[in-house]
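Coordinate inspection notes
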Amino acid sequence: MSLPSEAQMRAAISARDPSLDGVFVYAVLTTGVFCRPSCASRHARPENLRFFLGIDAAMAAGYRPCKRCRPTETVALDTRLVDVARHIDAHADAPLTLAELSAVSGLSTRTLQRGFTQAFGISPKTYRNAVRMRRYKQQLKDADTVTEAIFAAGFGSTSRVYGETTRSLGMTPGTYRAGGAGETIAYACRQSALGPLMMAATDKGVCCVQFGDHEYALLGALRDEFPRAELVSSSAQHAPELDAWIQALEQHLGAGGPRPDLPLEMRGTVFQMQVWQCLLSIREGEVLSYRQLAERLGMPSAIRAVASACGRNRIGVLIPCHRVLRSDGSLGGYRWGLERKRQLLETERKHQHGAS
Ligand SMILES: [Zn+2]
């Protein structure tokens with residue numbers, strides 16, 4: 001999944017390592033053909049290899065896809081696993097057992113568990129919980145009371161739901177409904193290597209990191225995000241952590257210090273939270289495509305929704321949505337401007353190469 005070095009790409013080709021399929025393709029100068037790293041064809045001479053991070057780039061350079069490994073075609077999912085996912089979607093409110101899923105799909109429980117996890121990145125059980133949570137969250141917006149939403153979504157006990165949602169939402173359902181009213185959010189601004197930077201935090205952690213051209217615009221944007229909360233400019237005695245945190249982030253951006261590991265308070269729909277959690281697992285120097293991210297989340301068809309959740313991330317850099325690119329390797333979008341995204345990736349790539 002990482003942006004591999006040339007040495008890593010050469011090693012993957014000679015080992016015919018399928019784990020980098022989809023991450024890059026290589027072309028052979030003498031034949032004009034490009035392949036997946038795992039292609040079974042005879043190996044070309046090392047000096048004739050050219051590397052591309054996307055098939056579009058290889059095509060644009062005039063190479064043709066190999067007829068043997070078919071690098072332009074996506075690997076087909078086992079349709080039986082897709083059936084399992086559909087079954088879970090349709091019966092998420094029932095207590096599902098592996099045995100039942102095994103009967104539905106005709107796969108042994110062991111193959112099912114392993115295959116499902118491999119294909120979707122999460123176990124059937126986690127998937128079911130995610131489906132339930134997503135429904136619950138949708139209803140929270142429409143239903144009259146939190147309790148009503150909980151029962152409508154098929155959860156058996158209120159207290160259990162409170163436990164689960166509090167953990168995955170970072171706040172209780174009641175607070176979420178009220179849009180964060182009655183809360184105090186401290187904020188601070190600094191000049192950074194990427195221009196004016198604002199960080200805001202509740203007493204639970206950083207809830208917003210954003211860039212802009214002017215401080216007043218940043219404050220306006222913060223108000224839009226948290227319309228009901230009380231916003232307080234940090235004079236260090238009220239929020240000494242915030243001061244230290246923004247300092248650490250500024251150091252990271254400017255002087256290449258490590259990305260500070262700060263407590264985060266993410267707020268969004270369950271789906272957005274899942275996407276943002278997944279973004280946190282992308283390491284420095286690594287990039288994914290929106291498609292790969294969707295696959296990692298176990299929702300391979302939700303590429304657009306995943307991209308839009310990335311676009312709704314309001315904790316820039318700390319939740320590294322800048323590490324997700326379009327499938328052709330182009331930058332895609334960035335809430336705080338493509339130039340900042342480009343700069344961030346550039347810096348991270350340099351660190352990566354300096355370190356390895
Ligand atoms: Zn090939």
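Okay, so let's go over this structure. (Residues numbered from 1 in each chain as written. Predicted model: local features only at pLDDT ≥ 70, side-chain atom pairs only at ≥ 80, totals over all residues. Heavy atoms only, no water.)

**Observations regarding the overall build of the protein**
The helix and strand tally for the protein stands at 15 helices and 10 strands. When contacts within the protein are restricted to residue pairs at least 6 apart in sequence, long-range pairs at least 24 apart make up 58% of them. Accessible surface, the protein: about 17600 Å² in total, of which carbon and sulfur atoms supply 51%. (Helix = DSSP H or I, 4+ residues; strand = E, 2+ residues; numbered from the N terminus. Contact = heavy atoms within 4.5 Å. Areas by Shrake-Rupley, 256 points an atom, 1.4 Å probe, with all protein chains shown as cover.)

**Details of the environment of Ala186**
Relative to the assigned elements, Ala186 resides in strand β5 (residues 184-192). Remark: the alpha-carbon pair of Ala186 and Ser233, spanning 47 residues in sequence, is separated by 5.7 Å.

**Here's the deal with the sheet that holds β5**
In space, the four strands of this open sheet follow the order β7-β6-β5-β8, with mixed pairing throughout. Pairing within the sheet leaves two strands with one partner each, and these edge strands are β7 (206-211) and β8 (230-233). For this sheet the average axis-to-axis angle between neighbouring strands, irrespective of direction, equals 25 degrees. The sheet contact formed by strand β6 (residues 195-201) and β7 spans five bridges and is antiparallel. For Leu197, the partnering residue across the bridge sits in β7 and is Phe211. Packing of helix α10 (residues 215-225) onto the sheet brings it into contact with β5, β6, β7 and β8, and relative to β6 it is tilted by some 35 degrees. (Pairing = 2+ DSSP bridges. Axes fitted to C-alpha atoms, helices over the stretch in contact; angles between N-to-C directions.)

**Here's the deal with the nonpolar core**
A general trend in soluble globular proteins is that nonpolar side chains are found buried together. Membership of the largest hydrophobic core comes to 42 residues, with the highest contact counts inside it found for Met199, Val275, Leu279, Leu293, Val306 and Cys310. Breaking this core down by element, the ones donating at least two residues are β5, β6, β7, α11 (240-255), α12 (270-280), α13 (290-296) and α14 (303-311). When residues of this core are assigned to their parent elements, the largest contribution, six residues, is made by α12. Looking at which domains feed residues into this core, each of domain 3 (184-248) and domain 4 (270-355) gives three or more. Look past the residues within four positions of Val275 in its chain and what remains in contact with it is Leu293, Leu297, Val306, Ala309 and Cys310. (Core = buried A, V, L, I, M, F, W, Y, C linked by side-chain atoms within 4.5 Å. Buried < 20%, exposed > 50% of the residue type's maximum accessible area, 1.4 Å probe, protein only. Domains from an automatic or database assignment.)

**Quick word on the sheet that holds strand β4 (residues 64-65)**
Strands belonging to one sheet form pairs held by backbone hydrogen bonds; the direction of such a pair is parallel or antiparallel. Judged by pairing direction, the sheet is mixed, and its four strands sit side by side in the order β3-β1-β2-β4 without closing on themselves. At either margin of the open sheet sits one strand with a lone partner, and together these are β3 (49-52) and β4. For strand β1 (residues 25-28) and strand β2 (residues 33-35), the ladder comprises three bridges, and the chain directions are antiparallel. Bridged to Ala27 within β2 is Phe34. Here helix α1 (residues 6-15) sits on the sheet and contacts β1 and β3; the angle it forms with β3, its principal contact strand, is near 110 degrees.

**As for the packing of aromatic side chains**
One pass over the structure, following the stated rule, counts four aromatic pairs. Ring centres 5.4 Å apart and planes at 75 degrees place the aromatic pair Tyr334 and Trp336 in the edge-to-face group. Its relative accessible area of 7% is what places Trp336 among the buried residues. (Phe/Tyr/Trp six-rings, centres within 6.5 Å; stacked < 30°, edge-to-face > 60°.)

**Here's the deal with the coordination of the zinc ion**
Protein-derived ligands of the zinc ion are Cys35 (SG), Cys39 (SG), Cys66 (SG) and Cys69 (SG), with the metal-ligand distances lying across 2.2 to 2.5 Å. Mapping the donors of the zinc ion onto the primary sequence gives the spacing C-x3-C-x26-C-x2-C. Taken together, the residues Cys35 in strand β2 and Cys69 in the loop between β4 and α3 (79-90) connect sequence positions 34 residues apart. Classification of Cys35 by relative accessible area gives buried; the value is 5%. (Donors = N, O, S within 2.8 Å, 3.2 Å for Na, K, Ca; no water.)

**Here's the deal with the side chain of Glu286**
Within the fold, Glu286 resides in the loop between α12 and β9 (288-289). By relative accessible area, Glu286 is classed as buried at 3%. Side-chain polar atoms of Glu286 contact the side chain of Arg296, separated by 3.4 Å. (Polar contact = N/O pair within 3.5 Å; in protein donor to acceptor, adjacent residues only side chain to side chain.)

**Notes on α12**
Here α12 lies mainly inside the structure; nine of its 11 residues are buried. Those residues of α12 that sit buried are Val270, Phe271, Gln272, Met273, Gln274, Val275, Trp276, Cys278 and Leu279.

**Section: the pairing of β6**
With seven of its seven residues buried, β6 lies for the most part within the structure. In the sheet, β5 pairs with β6 via seven bridges, with the strands oriented antiparallel. Bridge pairing in β6 places Tyr187 opposite Ala200. In this structure, the hairpin formed by β5 and β6 is closed by a connection of two residues. The antiparallel pairing of β6 with β7 creates a hairpin that spans four residues between the two strands, and Gly205 there sits at a positive phi of about 155 degrees.

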